[in-house]
Amino acid sequence: MKILIAIGGREFSKPTLDLGMKIANSFKCSTTIAYVGKKISQFSEKDVSVVHQNLDDRELYRPGIRTLEWAYDFLISKKYIEEKDSNKFDDYLLVDEENSRMKVLLKGQQSDKIDLIMRTGEIIEQLKDEVETNKHDITIIGGGGNKGIHQKLVQFIDSSVFVVKNYSVNKKYKILLPVNDSMGSDMAIETAINFAKSYKLNVEIVSVPEGKKSIEEVEKILKKTKEKFSKNRIKTTTKLIDGSAVDSIVNYAKDDSIVILGVSPKNPIMKYFFGSKPLSIAQKCNCPVLITK
Amino acid sequence: MNESYKVISSSILFWFSQKKWFVYSVLISIFLLNLSTPVGLTVPAYHSLIILLLVFMLVTFEPIPFPAIALLTLVLQVVLGVAPPDVVASSFMNDAVLFVMGSLMFAIAIVHQGLDIRLAKLIIKIFGKSKRMFLAGLMTISAILSSFLGEHTVIAIMLPIGLSVIKNIDTQQADGKNAVLLTLFSIAYGTIIGSIGTPSGGARNVIMINYLQEFSNVSIDYWKWMKHAYPILMIQLVVAYFVLQFTFPSSLNNIKMRGFKKNVGKTDVKKNINHLFSCLIIIGIVSSWFAFNDIYGLGIIALAGALTFMIFGMISWEEINKNTNWGVILLFAATISLGFQINETGASSWLVLKFNELLATLPSNSMNVSWSIMAVLSGLTANFFTSSATVSLIGPMAIELHPTDISFALSSAIASGFSFLTVISSPTAMIIYSTGLVSTKMFFRVGTLMFSISIIILYLMSQFYWVKL
């Protein structure tokens, strides 16, 4: 499994980086930490590039490097990377790769498990390209900023998207798993099983009877899902909740929930213009939300 | 749902989300093409104005690459019957385009020599007595150099100097943050203000000189431009110094000039010789702009500068080729070509007629009102559209307002250089923004005051100083 963690400002990205690295560590997967720099107008892109080269030559940090240095120090402080004299960040080498991608290489770096990269341009385009080129399975991004970014990420990126909102290191979390009979829901169940096993988290399975579905049918789905977890020796509770799917799940989710949802099976064009239930839940919930693909 | 349908529709949606402004611009153009031609306009003139609107939208929102916009402009001029292919081709290349090309190459060659270290030594020697003097020196030197060599050259040389002295400042504290902003804005404002000083300060100046020559048969040489613009530059510098000191009050205790002195000591004999030759070439080119621009044109002289660096092996063609923004050159060439057609088809005269009709409805209609609207419009458009492209497209209208009075054309070009409001308006603003230390809001907040004062200075100078020249 490969994980992409997108970071922005320093303190602002701490929860995203912390949760991202915990997931990466428990699944023992390779991780890319990406900083996407500001989009440069075409009028000035060559001028900016010349200035940045000049800054490198003068051993001055080019924009974005300080954020990656902060991320690197954070990984050392949390012991995700072992600190040695040979792998100090001061001795970094910036390797220009294709499509505005730059990789930070540290002289003493031996492990390929964690990559620090820098990209410049429009954030959705850059993260989409990163996921497509390096086949990441999960993209982890902070919950702040422009809400439209999360919608576009879920719509266009070929990986699961984890929106880290209001995450606290000291809180004991439980998984909130809304289910129905869609294919997306099956994928969410699989992911929730993996997460629950790795972190020993309790799971709450919920379902909302909607449309023509009878309460019996929904209870059947809940029972079937519970059995899947029981087979993996994971403790679960089930609940059938009333109301519209989005509002009732948003109201049910607490600050200590991690909501795991499947991607909507709706037509992509309808999703783009009118949104989808998973997306609305991700936008309205005040807790971390993972939309699986 | 069929998986391939999902993939295809998702790809189309992604293309649409990235290119939506291209789709909107094309739809608006098609809609306008289907309307009847306004009274007083010929069909080619109407079509040239539709292309102008299309280019404005595409350059502002950048949904497609600049070379694509340039090619589209040329293709549409011919396809929509604005001008025959030969006329479009001949208007595509002139001295202003050669100047854009030459100055970009010349800038890369100069920056490549690493003159910033030597320049930093000089600034410390002259202005190093106090930190406030040092910042004033950074601003003044940036302005003087930018007035002759252009913004992109100077910002590339000066920014490393600025970042060296602020590199260890803690920006979490207000005093430190203000020291960082004061340093960066001193360099940025110095560079922006300087670019109005001489024709070679910015491509927009050369484009306007070229238009004046072509449309009104008025010739403005290097010295004449300087006499008009340099006093404005000097007043603006003093004002900018106080505006920045007022906006970013700081003790400047955190600025480390001593640490920077250590860095600047690392020079060797080969570098010294290289720097000496570079300075000689720069002096030679600037002198030629003064002395021979009537004979050879500013563009050819700028090209000669880049050529000299290459002949002496001081920069390789690969380096120049890699760092030259060919897309911008193509775009300027195409917009200048469109500017010529807007004038030739009579579209600019029609716009000016409508503008004057609009002015007639105002209670107080005078030259001053039309000057103010034109100058503010040029300045604002340049801030949201970039300065050179603004002049290449609305320059013909500014000349048409008063073809024999150069103050309108000069004011339009100079006001277009007041890139204080947005980060997209000039390479300097974008480079400062790209450091991540200056936000767009901050740029706009300080810039609004500077822009307003600059327009007032320009107005007063055009009314009371230019008339005496």
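Residues numbered from 1 in each chain as written. Chains lettered and ligands numbered in written order. Predicted model: local features only at pLDDT ≥ 70, side-chain atom pairs only at ≥ 80, totals over all residues. Heavy atoms only, no water.

**Remarks on a positive patch on the surface**
On the surface, A:Lys220, A:Lys224, A:Lys228 and A:Lys231 cluster together to form a positively charged patch. By the element assignment, A:Lys231 lies in helix H7 (residues 215–231). (Patch = residues over 30% accessible without salt bridge, like charges linked within 9 Å, V, L, I, M, F, W, Y side chains within 5 Å. Areas by Shrake-Rupley, 256 points an atom, 1.4 Å probe, with all protein chains shown as cover. Salt bridge = Lys/Arg side-chain N within 4 Å of Asp/Glu carboxyl O. Lys, Arg positive; Asp, Glu negative; His and termini not counted. Charge placed at Lys NZ, Arg CZ, Asp CG, Glu CD. Helix = DSSP H or I, 4+ residues; strand = E, 2+ residues; numbered from the N terminus.)

**Thoughts on the pairing of strand S9 (residues 203–207) of chain A**
Residues and elements named next belong to chain A. Most of S9 is tucked away, with five of its five residues classed as buried. On S9, burial covers both faces: Val203, Ile205 and Ser207 on one face and Glu204 and Val206 on the other are all buried. With four bridges joining them, strand S8 (residues 174–178) and S9 adopt parallel strand pairing. Bridging across to S9, Leu176 finds its partner in Glu204. In this region the chain leaves S8, passes through helix H6 (residues 183–199) and returns to the parallel neighbour S9; the handedness of that crossover is right-handed. Across five bridges, the pairing between S9 and strand S10 (residues 236–240) is parallel. The residue of S10 that forms the bridge with Val203 is Thr236. In this fold, S9 hands off to H7, which returns the chain to S10; that crossover is right-handed. (Buried < 20%, exposed > 50% of the residue type's maximum accessible area, 1.4 Å probe, protein only. Pairing = 2+ DSSP bridges. Right-handed = clockwise from strand over helix to strand, strands pointing away.)

**As for the interface of chain B and chain A**
Taken together, the 47 residues of chain B in the interface contact 36 residues of chain A. Considering only the surface of chain B that becomes buried against chain A, B:Leu13, B:Phe14 and B:Glu62 emerge as the three largest contributors, covering 17% of it. Taken together, the links from chain B to chain A amount to zero salt bridges. Taken together, chain B and chain A are joined by 12 residue pairs in polar contact (both at pLDDT 80 or more). Broken down by secondary-structure element, the contributors of at least two residues to the side of chain B that touches chain A are helix H1 (3–33), helix H6 (116–127), helix H8 (151–166), helix H15 (317–323), helix H16 (326–344) and helix H21 (427–434) of chain B. (Contact = heavy atoms within 4.5 Å. Buried area = accessible area lost by both parts, 1.4 Å probe. Polar contact = N/O pair within 3.5 Å; in protein donor to acceptor, adjacent residues only side chain to side chain.)

**Structural notes on the sheet that holds strand S2 (residues 30–37) of chain A**
All names here are of chain A. The strand order across the open sheet formed by 12 strands is S3-S4-S5-S2-S1-S6-S7-S12-S11-S8-S9-S10, and the pairing between neighbours is mixed. Where the open sheet ends on each side, the last strands, each with one partner, are strand S3 (92–96) and S10. Between one strand axis and the next, the sheet turns through 25 degrees on average, direction left out of account. Set on the sheet, H7 makes contact with S8, S9 and S10; between it and S10 the angle comes to about 170 degrees. (Axes fitted to C-alpha atoms, helices over the stretch in contact; angles between N-to-C directions.)

**Quick look at the packing of aromatic side chains**
Tallied over the full model, the rule gives 36 aromatic pairs over all chains. On the numbers, 6.4 Å between centres and 70 degrees between planes, the contact of A:Phe162 with A:Phe195 is edge-to-face. Taken together, the residues span a long stretch of sequence, with A:Phe162 in strand S7 (residues 160–164) and A:Phe195 in helix H6 at a distance of 33 residues. Judged by relative accessible area, which is 0%, A:Phe162 ranks as buried. Through successive ring pairs, a cluster of aromatic residues spans B:Phe99, B:Phe106, B:Phe148, B:Tyr222, B:Trp223, B:Tyr230, B:Trp289, B:Phe290 and B:Phe309. (Phe/Tyr/Trp six-rings, centres within 6.5 Å; stacked < 30°, edge-to-face > 60°.)

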